[in-house]
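Okay, here's what each chain looks like letter by letter:
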Amino acid sequence: MNYREKEPQDLFEDPVGYMYNLGLYFQGTGWRGYNDYIGNEILYPGFSKRMKETVLANPKVNQVVRELAEHQAKSMIELQKKKWKSPKEKERRLKQLEKLRKKELEVVAKQITEKAVSAMDSKVVFRSFAFTVQAVLMKLYHQGLHIRESEWVELKRVALMAQEKKQSLILLPSHKSHIDYMVVSYIMYRLGVQIPHIIAGDNLDMPVVGKLLKNAGAVYIRREWGGDKLYKTILEEYIATLLAEGMNFECFVEGTRSRLGKLLQPKLGVVKIILDSIISGRTTDCHIVPISIGYDKIIETSSYATELLGKPKEKESLLGVLSSSKLLQLKWGRVDIRLGKPFSLKDWVDDQLRTRSNLDVSNVDHKAILMKSFGYRVLADINAISVVMPSALIGTVILTLRGRGVGRSELIRRVDWLKKAIEQKGGQVSEFYGMSTGDVVDRTLLIHKDLIGERKEKDIIEPTFYPIAPFELSYYRNQVIHLFIEEAIVCAALYTVIKKGGGKPLQRMKYEDLLDEVTFLSSILKLEMIFKPGRVEDNTARTVRWLIEMNVIEMSDDGMVGLSDYERECGRENFDFLCFLIWPFIESYWLASITLFTLAPPNKSAEGNVWVDYKLFSNRAQSLGKTLYYQGDLSYLEAANKETLTTAFTRYRDMNILIRRYHPTPKPWSEVTIGSDYTPERQNGILVPRGHLWELVDRIGRFRREGKNRRDNATVSTRVLRIADILGEHNSEPSPNQKQLAKNKAKL
């Protein structure tokens, strides 16, 4: 179903229809009135006031206020170091301070509640917002919002059941753009289901637009709660109150927008509150609804690329973006929304406790395991229902071909192949609605003319296209990688022998050796990719069978794996395609491992590790990456993106290669050093390619794409380690945070 077909065109295309539609929204005619929606009542005068009063009157909130007032009053008395005339005088002063602090904390609690609680108090205001959202979406995405009707029929059935039991729907969409908020709420409104309370970062609480979003259900929360017990308690009690009243929720399992195009690792702060409410029995049940949102094009692609390369994130200005006349003149294709099958959170928890008999939800570590399992379950559901948009098809093909560009006929052929391969893998490709592949390719190239260029020279024989902005285009390529991640890793493992050259017998490896390489690379990338459930041995066996069926590889009776004759004859195009998907991520992890050499103790102080402010360390990693890219030692500029590098450093921390310690003041910050077993070695004061850290670098390097300037590994190691050592020279200069830490220690 396409919702653009149900709405009139914009003001300039159909002024009469547009104004008539505006009147229907204002009057609340038919479905626009939003009077018979499924779900408990919202959007009435005093709704937010009642919620605030309920939260502030909550016994747990008041208990925390009292406890904090008592603790702070005692601390103030101790700091005064005053000699009291009598114990009674001290007690009297303590009570006065407690009373004073209690009043101040009550004001703070009121401010927190005022900020967090949504203002869903008026249908008229909401309908005005809905009309604006409809106008923006239909103008921007001129081919409409597409849904699968059967999925929404099932959602309405579950919503009716939840309404009867006063239970909530928990909507968990993928998070690609700020537009996500509007898309989900608008579809819920159109279908007559209670719009959700949306968990949103307080960075969106901007002038004008922040208030509008709050009227439509936005619940603004801080990115970091730290040890703020009062804030945490108020938020928990507010969410528990909403759950008790059967209010629907929308939050993002990834925690933030994915700037890479693929799903991020789960961050379940708010979902943890919901899960705790189920485990404690405070909430009887709620229903989880995974949602995938696919766009032909998103509004933030260029800003994502600049942010990932280290440019400071600009202050949010969604209203400014959406009101841009230039933006609203663009036609960016379509949006596809898909729903996973809703499931009971209570039933899921009970099933986990049955299958994992040793799981104790009162144990913090066990609960963390449960949370992690839930997060990956939702991400797997989102991946399973996600629709590969034409932009992802064309972007993937453009970036996975060797050479400077591709002809139109070859582009169409490879898009057809990729579409077929995705469907064979059980993935879903966006409907073409009777259009030929050539027409779809032409339409997509027009939408992305800022990312994909056409050679205009007069003597070009056929239309030839090339990536103008490969980094930005990689956002769309990464939307396909979850379908082929196991295959890409197997091909990258086989590439470790293929890159050495020689005849066919020399470009094969034993299955056991292949499995060893796959196991290593899968382990390194375990925080980066969403793998299918199961053991690596079983997944690899299944993956190898699929690659054999696709004529990409072959395996002899004695267990030797190599390229198939067919793949050699066709120029390794399908094998290379799979390698090209994973190579940029391998490059990032190789770069992250090289950056660890910057933590080597300086030559003049051989004793003791060097601690470096993590922010400076991270920035230096990107500087190193850009330098190596422009000098030819790194194949992809995107390998220097901070999101993948951050994940790589987290993985190395889990492996005890990188050590990180945190400090709470003046603002939360951290510093890092190298693990003792991985301290880089020096010879005559110069870093040398030896030791456990270099073994890691070398092992990851085996999977890297071979470049014309990087065939001599000894030369590479000399060049790269020299640059890393130059960066490391700055480690002896303490950061402002480290200087303040040293001052604080000196005072003790």
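Placed above this text is the structure.
Attention here is on the structure that accompanies the text. (Residues numbered from 1 in each chain as written. Predicted model: local features only at pLDDT ≥ 70, side-chain atom pairs only at ≥ 80, totals over all residues. Heavy atoms only, no water.)

### Comments concerning the environment of Arg 334
Moving on, step 1. As for its placement among the helices and strands, Arg 334 is situated in the loop between helix 13 (325-328) and strand 7 (335-339).
Moving on, step 2. Residue class for Arg 334 comes out buried when judged on its relative accessible area of 4%.
Moving on, step 3. Expressed as a C-alpha distance, the spacing of Arg 334 and Thr 396, which sit 62 residues apart in the sequence, is 18 Å.
Moving on, step 4. Sequence-distant contacts of Arg 334, defined by excluding residues within four places in its chain, comprise Tyr 141, Gln 143, Gly 144, His 146, Gly 294, Tyr 295, Asp 296, Met 389, Ser 430, Glu 431 and Tyr 433.
Moving on, step 5. Within the local environment of Arg 334, its side chain forms a polar contact with the side chain of Ser 430, the two groups lying 3.3 Å apart.
Moving on, step 6. Looking at Arg 334, its side chain comes within polar contact range of the main-chain oxygen of Glu 431, at 3.0 Å. (Helix = DSSP H or I, 4+ residues; strand = E, 2+ residues; numbered from the N terminus. Buried < 20%, exposed > 50% of the residue type's maximum accessible area, 1.4 Å probe, protein only. Contact = heavy atoms within 4.5 Å. Polar contact = N/O pair within 3.5 Å; in protein donor to acceptor, adjacent residues only side chain to side chain.)

### Focus on the pairing of strand 4 (residues 218-221)
Moving on, step 1. Here strand 4 shows a buried face lined by Ala 218 and Tyr 220 and a second buried face lined by Val 219 and Ile 221.
Moving on, step 2. Summarising the sheet, strand 3 (residues 197-201) and strand 4 pair through four bridges and their orientation is parallel. Bridging across to strand 4, Ile 199 finds its partner in Val 219.
Moving on, step 3. As a crossover connection, the stretch from strand 3 through helix 8 (residues 209-215) into strand 4 is right-handed. (Pairing = 2+ DSSP bridges. Right-handed = clockwise from strand over helix to strand, strands pointing away.)

### Concerning the nonpolar core
Moving on, step 1. Among the nonpolar cores identified, the biggest contains 224 residues, and Leu 345, Phe 484, Leu 514, Ile 582, Leu 596, Phe 649 and Tyr 652 are the most heavily contacted of them.
Moving on, step 2. Of all the elements, helix 24 (residues 573-595) adds the most residues to this core, at 15 residues.
Moving on, step 3. Counting residues in each nonpolar core, the second largest holds five residues, with Leu 260, Ala 305, Leu 308 and Phe 471 among its members. (Core = buried A, V, L, I, M, F, W, Y, C linked by side-chain atoms within 4.5 Å.)

### Overview of the pattern of salt bridges
Moving on, step 1. Tallied over the entire structure, the rule returns 48 salt bridges.
Moving on, step 2. Glu 537 is the partner of Arg 535 in a salt bridge, and the nearest nitrogen-oxygen pair spans 3.9 Å.
Moving on, step 3. For Glu 537, a relative accessible area of 35% puts it in the partly exposed group.
Moving on, step 4. The closest approach of N and O atoms between Glu 587 and Arg 704, which form a salt bridge, is 2.3 Å. Note that Glu 587 is positioned in helix 24 and Arg 704 in the loop between helix 27 (691-701) and helix 28 (713-728), a separation of 117 residues in sequence. (Salt bridge = Lys/Arg side-chain N within 4 Å of Asp/Glu carboxyl O.)

### Some details on the packing of aromatic side chains
Moving on, step 1. All told, the structure shown has 28 aromatic pairs when counted by the stated rule.
Moving on, step 2. Consider the rings of Tyr 495 and Trp 583, whose centres lie 4.9 Å apart with planes at 65°: the pair is edge-to-face. Note that Tyr 495 is positioned in helix 20 (residues 481-498) and Trp 583 in helix 24, a separation of 88 residues in sequence.
Moving on, step 3. One aromatic cluster in this structure is built from Tyr 25, Trp 31, Tyr 34, Tyr 37, Phe 126, Phe 131, Tyr 186 and Tyr 189.
Moving on, step 4. Of note, Arg 660 hangs over the ring of Tyr 614, and the distance from its end group to the ring centre comes to 3.8 Å. (Phe/Tyr/Trp six-rings, centres within 6.5 Å; stacked < 30°, edge-to-face > 60°. Lys NZ or Arg CZ within 6 Å of the ring centre and 35° of its normal.)

### A word on the pairing of strand 2 (residues 168-173)
Moving on, step 1. With six of its six residues buried, strand 2 lies for the most part within the structure.
Moving on, step 2. Burial of the side chains of strand 2 extends over both faces: Ser 168, Ile 170 and Leu 172 are buried on one face and Leu 169, Leu 171 and Pro 173 on the other.
Moving on, step 3. As paired strands, strand 2 and strand 6 (residues 286-295) are joined by six bridges and run parallel to one another. Looking across to strand 6, one finds that Leu 172 is bridged to Pro 290.

### Observations regarding unusual backbone geometry
What you tend to see is this: most non-glycine residues have negative phi, and most peptide bonds are trans.
Moving on, step 1. In this structure, Tyr 433 takes a positive phi of about 50° despite not being glycine.
Moving on, step 2. On the secondary structure map, Tyr 433 appears in the loop between strand 11 (428-429) and helix 18 (437-447).
Moving on, step 3. When its relative accessible area of 52% is taken as the criterion, Tyr 433 is described as exposed.
Moving on, step 4. Of note, Asn 656 is a non-glycine position whose phi angle comes to about 65°, a positive value.
Moving on, step 5. Following the sequence through the fold, Asn 656 ends up in the loop between helix 26 (642-654) and strand 18 (658-663).
Moving on, step 6. Judged by its relative accessible area of 53%, Asn 656 is exposed.

### With respect to the packing of helix 3 (residues 59-80) against helix 9 (residues 229-244)
Moving on, step 1. The N-to-C vectors of helix 3 and helix 9 enclose an angle of 175°; their axes lie 9 Å apart at closest approach. By the angle between their axes, helix 3 is roughly antiparallel relative to helix 9. Residues Lys 60, Val 61, Val 64, Val 65, Glu 67 and Leu 68 of helix 3 touch helix 9, and the partners they reach there are Lys 229, Leu 230, Thr 233, Ile 234 and Glu 237.
Moving on, step 2. Across the contact of helix 3 with helix 9, the residue classes break down as six nonpolar, one polar and four charged. (Axes fitted to C-alpha atoms, helices over the stretch in contact; angles between N-to-C directions. Parallel < 35°, antiparallel > 145°, perpendicular 65-115°, else oblique. Nonpolar A, V, L, I, M, F, W, Y, C, P; charged D, E, K, R; others polar.)

### Observations concerning the sheet that holds strand 12 (residues 452-454)
Moving on, step 1. In space, the three strands of this open sheet follow the order 10-13-12, with antiparallel pairing throughout. In this open sheet, the two strands that pair with only one neighbour each are strand 10 (406-407) and strand 12.
Moving on, step 2. Of the pairings in the sheet, the one linking strand 10 to strand 13 (residues 464-467) comprises two bridges and is antiparallel in character. Within the sheet, the bridge partner assigned to Gly 407 lies in strand 13 and is Thr 464.

### Some thoughts on the packing of helix 16 (residues 390-399) against helix 18
Moving on, step 1. Axis separation between helix 16 and helix 18 bottoms out at 10 Å; the angle between their running directions is 85°. Classified by the interaxial angle, the pair formed by helix 16 and helix 18 is roughly perpendicular. Residue-level contacts link Pro 390, Ser 391 and Ile 394 of helix 16 to Val 440, Val 441, Arg 443, Thr 444 and Leu 445 of helix 18.
Moving on, step 2. Grouping the constituent residues of the contact of helix 16 with helix 18 by class yields five nonpolar, two polar and one charged.

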